[in-house]
Number of protein chains: 2
Amino acid sequence: MDQALQRQSPPPVSACEKIEPEPMFDLIEALFFAYRDFVGEADRLLLRYNFGRAHHRVLYFVDRRPGLSVAELLDLLKITKQSLSRVLKELLDQTYIEQRPGQADRRQRLLFPTEAGHALALEIAQVQSRRFARALEKLPAGARAQGAAFLAAISDAREDA
Amino acid sequence: MDQALQRQSPPPVSACEKIEPEPMFDLIEALFFAYRDFVGEADRLLLRYNFGRAHHRVLYFVDRRPGLSVAELLDLLKITKQSLSRVLKELLDQTYIEQRPGQADRRQRLLFPTEAGHALALEIAQVQSRRFARALEKLPAGARAQGAAFLAAISDAREDA
DNA sequence: GAAATATGTCAATAGAACTGACATATTCAG
DNA sequence: CTGAATATGTCAGTTCTATTGACATATTTC
């Protein structure tokens, strides 16, 4: 049943065309599986509210950064405003999020979670945190800080927000 | 410009309903941004071949586990065979992947990368590895092994394959 | 007052996933 | 050998998320 063997050790590069090191397949795969299972769990929870992954991302950031402008949210999510609009409208209609005009700039519509929105965001964050907690139990002390630093280093340096 | 402040320290839980610890927002966010930027880079590269993220995932695993059966691939990706079919067909048609009947069980269609498929898979893996390499430069020695262990602990234990 | 900005919205499209139903080839168990 | 189970493929319809392009409105700024 194990005809699915790995393409293993780098065949000691025959020619000499700018020897690129062996790709870090361990990290590539580990990140894929970690993210797949991490979001999969939240997805199942969101189904109960007829929300998808996109709703979650919006609610998450609005809850974490109450008073966020639409433009700031778009930049965080790296999607277009048309993509955001459907999802945001549903969250507004079902009063998980509310808008208030900016006091300084009244063109802005600042986004705030409602009580229900905050509660839902918290519930999902707790489910995801329990996964992290289970993972950290198996790891030596300091793993949380190391893990956070590792992940931060992977994303592009310029994390605004 | 910083009206987007954090909902910070856990307001020392007023009542006493099974005190849930403060969610690990640092890890939740770091994993989101790391994955977003990690796959975003590959996505841009894939555009040149008119392939999407789904094609990449299939090609990646077929290249890593040549001789994989369709059922095994479905289980790795956690998608349905109908979802796989369009993507796999395109990869077969454009000869990045080829099928051979299993010698033991001739019902199976074992998947193998072609030369072109292997080259493309490698190219993408190298781009992603360079991102990891840049990240690891900033981190202390041992960060790679720690990071891999951290990610593995996050995904559900039973990684078959 | 004109230009730039922040947001909203309409329309059309694409990509990736889903469910359900059904067909074919092959293996396996009785 | 026959019938059930398995591995795969495929058709049809749907959902969700995202895209581009065009245009409207309110507000701020020069």
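Everything below is about the structure shown above.
As the structure is a computational prediction, the values presented were derived from the model and not from experiment.

Draft legend 1. Structural detail: the overall build of chain A. For chain A, the helix and strand inventory stands at six helices and two strands. Written out in order from the N terminus, the α and β elements of chain A read α-α-α-α-β-β-α-α. Taken across its 161 residues, chain A has 45% of its residues classed as buried. As displayed, chain A has an accessible area near 8,900 Å², and 56% of this comes from carbon and sulfur atoms.

Draft legend 2. Inspection of the interface of chain A and chain B at higher detail. Facing 69 residues of chain A, the contacting portion of chain B comprises 69 residues. Carbon and sulfur atoms make up 63% of the area that chain A and chain B hide from each other, which totals about 6,900 Å². In this assembly, chain A and chain B are joined by six salt bridges. With a closest N to O distance of 2.8 Å, Arg144(B) and Asp26(A) form a salt bridge. The interface formed by chain A and chain B contains twelve residue pairs in polar contact (both at pLDDT 80 or more). Mapped onto the side of chain A that touches chain B, the elements with two or more residues apiece are helix H1 (25–47), helix H2 (53–64), helix H3 (70–77), strand E2 (109–113), helix H5 (115–137) and helix H6 (143–154) of chain A. By residue number, the principal contributor to the side of chain A that touches chain B is H1(A), which donates 14 residues. Of the residues in the side of chain A that touches chain B, the class split is 38 nonpolar, eleven polar and 20 charged.

Draft legend 3. Structural detail: the protein's contact with DNA strand D. Contacts to DNA strand D come from 25 residues, most closely from Arg57(A), Ser83(A), Lys81(B), Gln99(B) and Arg107(B). Expressed as a percentage, the sugar and phosphate content of the atoms of DNA strand D within 4 Å of the protein is 58%. Side-chain polar atom of Arg86(A) to a phosphate oxygen of DNA strand D: 3.0 Å apart, as the coordinates give it. Between a phosphate oxygen of DNA strand D and a main-chain N or O atom of Ala71(B), the distance comes to 2.8 Å. Put simply, the parts of the chain that give the surface near DNA strand D at least two residues each are H2 and helix H4 (81–93) of chain A together with helix H3 (70–77) and helix H4 (81–93) of chain B. Looking at the surface near DNA strand D, the element that brings in the most residues is H2(A), giving four residues. For the surface near DNA strand D, a count of residues per class yields five nonpolar, nine polar and eleven charged.

Draft legend 4. Up close: the protein's contact with DNA strand C. Around DNA strand C sit 25 residues, and of these Lys81(A), Arg107(A), Arg57(B), Thr80(B) and Ser83(B) come closest. Among atoms of DNA strand C positioned within 4 Å of the protein, sugar and phosphate together represent 60%. Between Arg57(B) and DNA strand C, the recorded distance is 2.3 Å, taken from a side-chain N or O atom to a phosphate oxygen. At 3.4 Å, a side-chain N or O of Arg107(B) approaches a base oxygen of DNA strand C. Considering each element in turn, the surface near DNA strand C owes the most residues, four residues, to helix H2 (residues 53–64) of chain B. Classifying every residue of the surface near DNA strand C by side-chain character gives five nonpolar, nine polar and eleven charged.

Draft legend 5. Broad picture of the nonpolar core. Core analysis: the largest hydrophobic core is formed by 96 residues, its most contacted members being Val58(A) and Val58(B). Setting aside chain neighbours within four positions, we find Val58(A) in contact with Leu73(A), Leu77(A), Leu84(A), Val87(A), Leu88(A), Leu91(A) and Ile97(A).

Draft legend 6. Focus on the pattern of salt bridges. In this structure the tally under the stated criterion is 22 salt bridges over all chains. Residue Arg65(B) is joined to Glu29(A) by a salt bridge in which the shortest nitrogen-to-oxygen separation is 2.7 Å. Of this pair, Arg65(B) sits in the loop between H2 and H3 while Glu29(A) is found in helix H1, placing the two residues in two different chains. Where salt bridges share partners, they join Glu29(A), Arg64(B) and Arg65(B) into one cluster.

Draft legend 7. Inspection of the packing of aromatic side chains at higher detail. Taken as a whole and assessed by the stated rule, the structure comprises 19 aromatic pairs over all chains. Aromatic pair Phe33(A) and Phe61(B): ring centres 5.9 Å apart, planes at 40 degrees, arrangement tilted. In this pair, Phe33(A) is assigned in helix H1 and Phe61(B) in helix H2, connecting two distinct chains. The buried category is assigned to Phe33(A), whose relative accessible area is 6%. Residue Phe61(B) is classed as buried on the basis of its relative accessible area of 2%. Through successive ring pairs, a cluster of aromatic residues spans Tyr35(A), Phe38(A), Phe132(A), Tyr35(B), Phe38(B) and Phe132(B). Between Arg64(A) and the ring centre of Phe25(B), over which it is positioned, the NZ or CZ distance is 3.6 Å. Taking the ring centre of Phe112(B) as reference, the NZ or CZ of Arg100(B) above it sits at 3.8 Å.

Draft legend 8. Quick look at the relation of the copies chain A and chain B. When chain A is fitted to chain B, the best match, at an RMSD of 0.0 Å, comes from turning it 180 degrees and sliding it 0.0 Å along the axis. Classification of the inter-copy transformation places it as that of a two-fold axis. Among all residues of chain A, the minimum C-alpha distance to the rotation axis is found for Gly147(A), at 3.1 Å. When the interface residues of chain A are mapped onto chain B, 100% of them again lie at the interface, so the same face is used by both copies.

Criteria and cut-off values
Residues numbered from 1 in each chain as written. Chains lettered and ligands numbered in written order. Predicted model: local features only at pLDDT ≥ 70, side-chain atom pairs only at ≥ 80, totals over all residues. Heavy atoms only, no water. Helix = DSSP H or I, 4+ residues; strand = E, 2+ residues; numbered from the N terminus. Buried < 20%, exposed > 50% of the residue type's maximum accessible area, 1.4 Å probe, protein only. Areas by Shrake-Rupley, 256 points an atom, 1.4 Å probe, with all protein chains shown as cover. Contact = heavy atoms within 4.5 Å. Buried area = accessible area lost by both parts, 1.4 Å probe. Salt bridge = Lys/Arg side-chain N within 4 Å of Asp/Glu carboxyl O. Polar contact = N/O pair within 3.5 Å; in protein donor to acceptor, adjacent residues only side chain to side chain. Nonpolar A, V, L, I, M, F, W, Y, C, P; charged D, E, K, R; others polar. Near = heavy atom within 4 Å. Core = buried A, V, L, I, M, F, W, Y, C linked by side-chain atoms within 4.5 Å. Phe/Tyr/Trp six-rings, centres within 6.5 Å; stacked < 30°, edge-to-face > 60°. Lys NZ or Arg CZ within 6 Å of the ring centre and 35° of its normal. Least-squares fit on C-alpha atoms with pLDDT ≥ 70 in both.

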